Each structure stands twice: as structure tokens, then as C-alpha cells.
Amino acid sequence: MLNRLPWALVVFRLLCAPALVGLSLMAPTAGGAAAALLSLGVLSDIFDGVIARRLKVVTPTLRRWDGRADVIFWLGASLALWLMYPAMTVVLAPLALVLLVMEAANHAVSFARFRREASPHHWLSKLFCLFLWGLFVQLFVTGQTSWLLWFTLGLGALSQVEAFAITMRLKAWRCDVASVFAVGR
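Residues numbered from 1 in each chain as written. Predicted model: local features only at pLDDT ≥ 70, side-chain atom pairs only at ≥ 80, totals over all residues. Heavy atoms only, no water.

K.L.:
Describe the overall build of the chain, and please don't skip the residues or the numbers.
P.N.:
When helices and strands are tallied, the chain shows six helices and zero strands. Traced from its N-terminal end to its C-terminal end, the chain shows the element sequence α-α-α-α-α-α. The C-alpha radius of gyration of the chain comes to 17 Å, within 12% of the 16 Å expected for a compact globule of 185 residues. Projecting the C-alpha coordinates of the chain onto the three principal axes gives extents of approximately 50 × 40 × 25 Å. Burial analysis of the chain (185 residues in total) assigns 42% to the buried set. Of the roughly 9,900 Å² of accessible surface on the chain, a fraction of 74% belongs to carbon and sulfur atoms. Positive and negative side-chain charges in the chain, numbering 16 and 8 respectively, have mean positions lying 8 Å apart. (Helix = DSSP H or I, 4+ residues; strand = E, 2+ residues; numbered from the N terminus. Rg over C-alpha atoms; globule rule 2.2 N^0.38 Å. Buried < 20%, exposed > 50% of the residue type's maximum accessible area, 1.4 Å probe, protein only. Areas by Shrake-Rupley, 256 points an atom, 1.4 Å probe, with all protein chains shown as cover. Lys, Arg positive; Asp, Glu negative; His and termini not counted. Charge placed at Lys NZ, Arg CZ, Asp CG, Glu CD.)

K.L.:
Give a detailed account of unusual backbone geometry, specifying residues and quantitative values.
P.N.:
Across the chain, the bulk of peptide bonds are trans and the bulk of non-glycine residues have phi less than zero. One non-glycine residue, Arg115, lies in positive phi territory at about 60°. Secondary-structure assignment places Arg115 in the loop between helix H4 (89–114) and helix H5 (123–142). With relative accessibility at 58%, the residue Arg115 sits in the exposed group. Despite not being glycine, Asp176 has its phi angle at roughly 60°, a positive value. With respect to the helices and strands, the residue Asp176 is situated in the segment after helix H6 (147–169).

K.L.:
How would you sum up the nonpolar core? Please name residues and give values.
P.N.:
Leu20, Leu38, Phe73, Trp74, Leu81, Phe136 and Phe140 are the most contacted members of the largest nonpolar core, which has 29 residues in total. Elements with a minimum of two residues in this core: helix H1 (5–26), helix H2 (31–55), helix H3 (60–84), H4, H5 and H6. At seven residues, H5 tops the list of elements feeding residues into this core. Within the second largest apolar cluster, eight residues are counted, among which are Phe114, Ile166, Leu170 and Cys175. (Core = buried A, V, L, I, M, F, W, Y, C linked by side-chain atoms within 4.5 Å.)

K.L.:
Give a detailed account of the side chain of Ser39, specifying residues and quantitative values.
P.N.:
On the secondary structure map, Ser39 appears in helix H2. For Ser39, a relative accessible area of 18% corresponds to the buried category. A polar contact is formed between the side chain of Ser39 and the backbone oxygen of Ala35, at a distance of 2.8 Å. Leaving out residues up to four positions away in the same chain, Ser39 has contacts with Trp133 and Val137. (Polar contact = N/O pair within 3.5 Å; in protein donor to acceptor, adjacent residues only side chain to side chain. Contact = heavy atoms within 4.5 Å.)

K.L.:
Account for the packing of aromatic side chains, naming residues and giving values.
P.N.:
Across all of its chains, the model carries five aromatic pairs by this definition. Ring centres of Phe136 and Phe140 lie 6.2 Å apart, and the angle between their planes is 65°; on these two criteria the pair is classed as edge-to-face. Here Phe136 pairs with Phe140, and both are found in helix H5, just four residues apart, close to one helical turn. Residue Phe136 is classed as buried on the basis of its relative accessible area, which comes to 7%. Each ring, one from Trp147 and one from Phe151, has its centre 6.2 Å from the other, and the planes form 65°; the classification is edge-to-face. Pair noted here: Trp147 and Phe151 are both in helix H6, with a separation of four residues, about one helical turn. Owing to a relative accessible area of 41%, Phe151 belongs among the partly exposed residues under this scheme. (Phe/Tyr/Trp six-rings, centres within 6.5 Å; stacked < 30°, edge-to-face > 60°.)

K.L.:
Explain the packing of H5 against H6 to me, and be specific about the residues and the numbers.
P.N.:
Axis separation between H5 and H6 bottoms out at 9 Å; the angle between their running directions is 155°. In terms of orientation, H5 lies roughly antiparallel with respect to H6. Like other packed secondary-structure pairs, H5 and H6 cross with a definite hand, here left-handed. For the pair formed by H5 and H6, the contact residues are Leu124, Ser125, Leu127, Phe128, Phe131, Leu132, Gly134, Leu135 and Gln138 on the first element and Leu148, Leu149, Phe151, Thr152, Leu155, Gly156, Leu158, Ser159 and Glu162 on the second. Residues that form the contact of H5 with H6 fall into these classes: 11 nonpolar, six polar and one charged. (Axes fitted to C-alpha atoms, helices over the stretch in contact; angles between N-to-C directions. Parallel < 35°, antiparallel > 145°, perpendicular 65-115°, else oblique. Left-handed = near helix turned anticlockwise from the far one by under 90°. Nonpolar A, V, L, I, M, F, W, Y, C, P; charged D, E, K, R; others polar.)

Spelled out as C-alpha cells, the structure:
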């Protein structure tokens with residue numbers, strides 16, 4: 001039963017996406033509640049891998065679904081944010097689109113090379129996720145941007161560049177590559 005906990009956390013994160021959207025539709029001024037739900041989703045992302053490694057139940061399938069859940073979760077959080085603060089779309093949409101195109105391009109290249117989607121889970125992506133968490137909490141609670149927006153998006157672009165470099169340097173598909181410098185190990 002405990003061995004299923006990492007999968008339960010991935011499924012929980014998948015369910016957080018529509019829950020965030022629903023919350024934003026039913027209570028558009030519930031920024032604090034959205035920030036709390038977002039935080040629970042991020043914590044599930046952090047602990048699913050920690051628990052899976054500790055229980056020795058990490059599989060490539062679990063890691064791929066972890067990555068898929070991340071994308072769906074953040075898309076749901078983005079849609080919820082847009083529904084709560086539509087005026088922010090003018091600033092955020094083009095920047096988010098750039099990151100989405102970079103992510104999609106890396107997955108397409110990985111699929112073309114290895115017949116599998118990219119799943120590096122590198123350290124820079126983890127750092128980006130932490131800053132994205134802070135940014136979204138700030139945006140949900142205050143509805144205002146700050147330096148954190150530009151720093152986080154720059155970090156996201158660097159993370160995508162590194163993910164692409166990892167995909168290009170791999171000779172065979174692998175998940176959980178710590179950095180582009182760890183590809184040969």
C-alpha cells in the first residue's frame with residue numbers, strides 16, 4: 001500500500017489542476033485558497049520523488065507521469081491565474097508561450113531521437129519550479145508582478161535550454177539526468 005504513495009501524489013497533482021481552475025471560476029477572489037492549493041500541489045511534486053526513491057519504487061513510467069503531471073498542473077495553475085487576473089495576460093501570456101514552445105520543442109526532439117518524451121528532471125528545472133511556486137503564490141495573493149516574474153522566467157528559459165542540451169547529448173534515452181554535465185556519467 002505504501003508503495004503506491006508516489007503514484008497517489010502524482011494523481012493528486014493532476015487533480016489539483018482542475019481544482020484550481022474550478023476555484024478560480026467559483027470564487028475569483030480566493031487568491032489565498034488558490035495559493036494554498038498550489039502549494040499542496042508543489043509539495044506533492046517534491047515528495048513523490050523523494051518517497052519513490054526511499055521506497056525503491058522509481059520507474060521510468062512513474063518519472064514520465066511525474067513530468068506529465070507537472071505540465072498539466074502548471075497549465076491548470078496558469079489558467080486559474082488568468083481567470084482570476086485577466087489583465088495580467090497581456091504581460092504573462094507571451095512569456096509563458098515562449099516557455100511552452102521551448103518545452104514542446106524539447107519533447108518533440110526527444111521523441112524523434114528516442115521515441116520517448118524528454119524526462120531529465122535536472123536540478124535547474126527543480127530550482128525553476130521552486131521560483132515558479134513563489135511567483136504564483138505572489139500573483140495569486142497580490143495580483144501584482146515584481147522582479148520575481150522576470151527572474152523566474154529567465155530561470156525557466158535557462159532550464160529549457162539545459163533540458164534541450166541534455167536531450168541532444170544523450171546517446172540513449174534516460175530520465176533523471178542531474179545536469180548537462182552529468183550526461184556522460
